[in-house]
Amino acid sequence: MRTPEQLHLVDWASLYHAYGDGTDVPGWIRALYSEDEAVVDGALDELFGRVLHQGSVYPASVAAVPYVAHAAVHAVHRRHLMLAYLAATGGTEAETWPGPQQEGCGLVAEELPGLLHLIRDPDPEVRRQAVRVARRATGDSLRPALDALTACHRDDPVVRVRAEALTVLSRLDADPGPLLRAALEDSEPAVRATAAVALLEEDPTPELPAVLVADGGDPDFRLVWTEWFPGVGSTEDRLQRLINDDPELVHELATAWIAAGDHDGRGTRRALRLSTHWRGYEEETVALLLAALPHQREWYWRMRVLDGLADRVARCADPAAVAEAVLPHATDPDPRIFRPAQLALARAGDTRLLTAVPEPHPDALDALATRTDDLDLRRQALTPHPCPGGCGGSHSSTDELLDALTPESAAPLLPELTALLRTCPNRRLLHLLGELGLTDPELLAALDELAQRTDHLLAPAAAVAAARLGADPGPALRLLADRLATDADRLPEAALLGPAGAPLLPLVEPYLAADFPRTRVDAAEALWRITGDPTRAVPALLAEIAGPIPTWSAVQALSVLRRTGQPLPPGQRALVEGWRDLDPAVMADEIFWSRQDGERLHEEVRLLLDQQP
């Protein structure tokens, strides 16, 4: 260990961290010895925010190790966080991360003999972090570390410290199997669960998942998803790898852990993953979330549960049960709570949103208006409201209602839609107005005004919408011709023009060979809709359906192919039929699909296959 008086021995100017050279590090190290707790906190904020920025290890991070080690022994305040700095300086595993992380591991190991006595410190957080530092033991420090950790695991009065000592022992001991199997008989659930995770990683046996189900809900089992265990990895991530392919086990864990109190949201995480990654578990997920809601005391997990219910209530068998559960939260003063609660209430079709909530959120009004024929409510939902960002402008929350409108249902709302267009114009609304085919002088005037703006996004979309409603297509052709040469994002507007877009074909066709798949699909759709001939478009679309795992552009290609009415060749048909039963978990792991993406894929596959000869 080096004392603060020796800081001059390091050429800090030649070292660096996330925000520059290391000349500011000595001042932060000296501040660690302050008797003023606020001064120590400020220095630690700088060390973790700059020298170990987001867990990255830099040369200055490593050079600080012997000085922070000295402070961890002699400082007055926050010694456990100084030990946390040391534990994190080695990053993940030295053998897989050469460079500063490897150097950090080696330097922490050198300092370890002078830190091992902290495993017996009166402060349990100091002991816990000292256990984590001991993960770096190697060479001459290994035997003393194993002895200290063994005593800690056997005798420490705090369960979470004993459990973490077992975790480190399982990584340092050459043959941890006997110790871990003995720990399965420990009197503490958290220790038994910790042993089960370590054994599942090395030598899985059928009885181990049952141990996790029974004991993993204990609050002393450290499953905090935000907490990183340097040199080990978070227990949450380790566990996720172990149960990733077993939905029934995920369901069993979620049920047991929620019943045990859902500490750290550990059961809720499993419940949400259940229907996100596997088909056929929507009802189970809703039931689990309803069971978890009363346990939530922290805003974050209450928000996550309410978000999950709002996302699923419209498809569940008993939306009334969800409405009853979320109603007390719909008037919570915290917008992070009342917004998803009101949205769940609205998507359940529960009109108590209008009577029990003094000022329903616009998103909730939109969702409820989508589920009713009440024109007054729909008009209210279409009324712009002040921008939530406080910019002084207006904002629209009408996505669900706009998606649900048909020409018949939109006709009595045309004045409100026109007013919305003048106040909160956007491409989605412009595309819809062009598609609905409702002509009105006031609407055409509003579209003409937008088309004459310099806005490169809205002006072409407005001109195209006007052309679709019978106006002169000339302005739309001029605006698109100016932009299509350099902007592929205008291809959807070119497609919407249909045959009137024929003069744009020389600008559309080169995009069939674009680098980005989405651009190629957009170009194929535009080519087909402008010419009415699928001959050239279909080969380009079929080329996007080429692998066992679908991409986003492949789903878009399926939609366009279905609308062309062309039959699938045998090869692509067999591939698409395989997608019909594709596990959403595979999609999520391979290409980070959301549940909504998976639902859209399955719907497009169903529609396309249903129309095949």
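Treat the numbers as computed from the prediction; the structure is a model and nothing was measured.

Taken as a whole, this structure holds five aromatic pairs when the rule is applied. Relative to Tyr300, the ring of Trp299 lies with its centre 5.8 Å away and its plane at 85 degrees, an arrangement referred to as edge-to-face. Residue class for Trp299 comes out partly exposed when judged on its relative accessible area of 35%. Residue classification places Tyr300 among the partly exposed residues on the basis of a relative accessible area of 22%. Taken together, the ring pairs in this structure connect Trp299, Tyr300 and Trp301 into an aromatic cluster. The ring of Trp299 is capped by Arg336, whose NZ or CZ atom sits 3.7 Å from the centre of that ring.

This paragraph deals with a negative patch on the surface. Together, Asp245, Asp246, Glu248 and Glu252 make up a negatively charged patch on the protein surface. Residue position: Glu248 is located in helix H14 (residues 247-259).

We now examine the environment of Arg120. By the element assignment, Arg120 lies in the loop between helix H6 (100-111) and helix H7 (124-133). With relative accessibility at 63%, the residue Arg120 sits in the exposed group. Along the chain, Arg120 and Arg352 lie 232 residues apart, while their C-alpha atoms are 58 Å from each other.

What follows deals with the nonpolar core. Among the nonpolar cores identified, the biggest contains 140 residues, and Leu417, Leu421, Leu447 and Val508 are the most heavily contacted of them. In this structure Leu421 touches Leu429, Leu430, Leu433, Leu443, Ala446, Leu447 and Leu450, once residues within four positions along its chain are discounted. Core analysis: the second largest hydrophobic core is formed by 59 residues, Leu115, Val126, Val131 and Val133 among them.

Now for the pattern of salt bridges. Across all of its chains, the model carries 45 salt bridges by this definition. The shortest N-O distance in the salt bridge between Arg127 and Asp156 comes to 2.6 Å. Pair noted here: Arg127 is in helix H7 and Asp156 is in the loop between helix H8 (142-155) and helix H9 (159-172), with a separation of 29 residues, a long-range link. Here Arg562 ties to Glu604 by a salt bridge, and the two come within 3.2 Å at their closest N and O atoms. Taken as a pair, Arg562 in helix H34 (residues 552-564) and Glu604 in helix H37 (residues 595-610) lie far apart in primary sequence, 42 residues in all. By relative accessible area, which is 8% here, Glu604 ends up buried. Here the salt bridges do not stand alone but share partners, grouping Glu125, Arg128, Arg132, Arg160 and Glu164 into one network.

Let's shift gears to the packing of helix H4 (residues 65-74) against H6. When two helices pack together, their arrangement is captured by the angle between the axes and the distance separating the axes. Between H4 and H6, the least distance of the axes is 10 Å, while the angle of their chain directions is 40 degrees. For the pair H4 and H6, the crossing hand works out as right-handed. Where H4 approaches H6, its residues Val65, Pro66 and Ala69 are matched on the opposing element by Leu107, Val108 and Glu111. Across the contact of H4 with H6, the residue classes tally to five nonpolar, no polar and one charged.

Here the focus is the packing of helix H13 (residues 235-243) against helix H15 (residues 266-277). It is at 13 Å that the axes of H13 and H15 come closest, and there the two elements cross at 40 degrees. H13 and H15 meet at a crossing whose hand is right-handed. Across the interface between the two elements, Glu236, Leu239, Gln240 and Ile243 of H13 pack against Arg269, Arg270 and Arg273 of H15. Of the residues that constitute the contact of H13 with H15, the class distribution is two nonpolar, one polar and four charged.

Let us look at H4. Burial runs high along H4: eight of the ten residues are buried. Among the residues of H4, those classed as buried are Val65, Pro66, Tyr67, Val68, Ala69, His70, Ala71 and Ala72. Buried residues in H4 make contact with helix H1 (25-31), helix H3 (59-63), helix H5 (79-89) and H6.

In this section: the side chain of Ser141. Along the chain, Ser141 turns up in the loop between H7 and H8. Separated by 2.8 Å, the side chain of Ser141 and the backbone oxygen of Thr138 make a polar contact. What Ser141 contacts, discounting residues up to four positions off in sequence, is Ala109, Leu112 and Pro113.

Our focus in this paragraph is unusual backbone geometry. Here Arg78, not a glycine, exhibits a phi torsion of approximately 60 degrees, which is positive. Locating Arg78 in the fold gives a position in the loop between H4 and H5. The backbone of Asp262 sits at a positive phi, close to 50 degrees, despite the residue not being glycine.

Predicted coordinates in areas of low pLDDT are best not read in detail. Confidence in the prediction of the protein chain, expressed as mean pLDDT, is 91, and 95% of residues score 70 or more. Across the protein chain, the secondary-structure element scoring lowest on mean pLDDT is helix H36 (residues 584-591), at 59, and the one scoring highest is helix H18 (residues 319-326), at 98.

Further remarks concern the environment of Gly99. Relative to the helices and strands, Gly99 resides in the loop between H5 and H6. Assessed through its relative accessible area of 28%, Gly99 is described here as partly exposed.

Cut-off values and rules
- Residues numbered from 1 in each chain as written.
- Predicted model: local features only at pLDDT ≥ 70, side-chain atom pairs only at ≥ 80, totals over all residues.
- Heavy atoms only, no water.
- Phe/Tyr/Trp six-rings, centres within 6.5 Å; stacked < 30°, edge-to-face > 60°.
- Buried < 20%, exposed > 50% of the residue type's maximum accessible area, 1.4 Å probe, protein only.
- Lys NZ or Arg CZ within 6 Å of the ring centre and 35° of its normal.
- Patch = residues over 30% accessible without salt bridge, like charges linked within 9 Å, V, L, I, M, F, W, Y side chains within 5 Å.
- Areas by Shrake-Rupley, 256 points an atom, 1.4 Å probe, with all protein chains shown as cover.
- Salt bridge = Lys/Arg side-chain N within 4 Å of Asp/Glu carboxyl O.
- Lys, Arg positive; Asp, Glu negative; His and termini not counted.
- Charge placed at Lys NZ, Arg CZ, Asp CG, Glu CD.
- Helix = DSSP H or I, 4+ residues; strand = E, 2+ residues; numbered from the N terminus.
- Core = buried A, V, L, I, M, F, W, Y, C linked by side-chain atoms within 4.5 Å.
- Contact = heavy atoms within 4.5 Å.
- Axes fitted to C-alpha atoms, helices over the stretch in contact; angles between N-to-C directions.
- Left-handed = near helix turned anticlockwise from the far one by under 90°.
- Nonpolar A, V, L, I, M, F, W, Y, C, P; charged D, E, K, R; others polar.
- Polar contact = N/O pair within 3.5 Å; in protein donor to acceptor, adjacent residues only side chain to side chain.
- pLDDT = per-residue confidence, 0-100.

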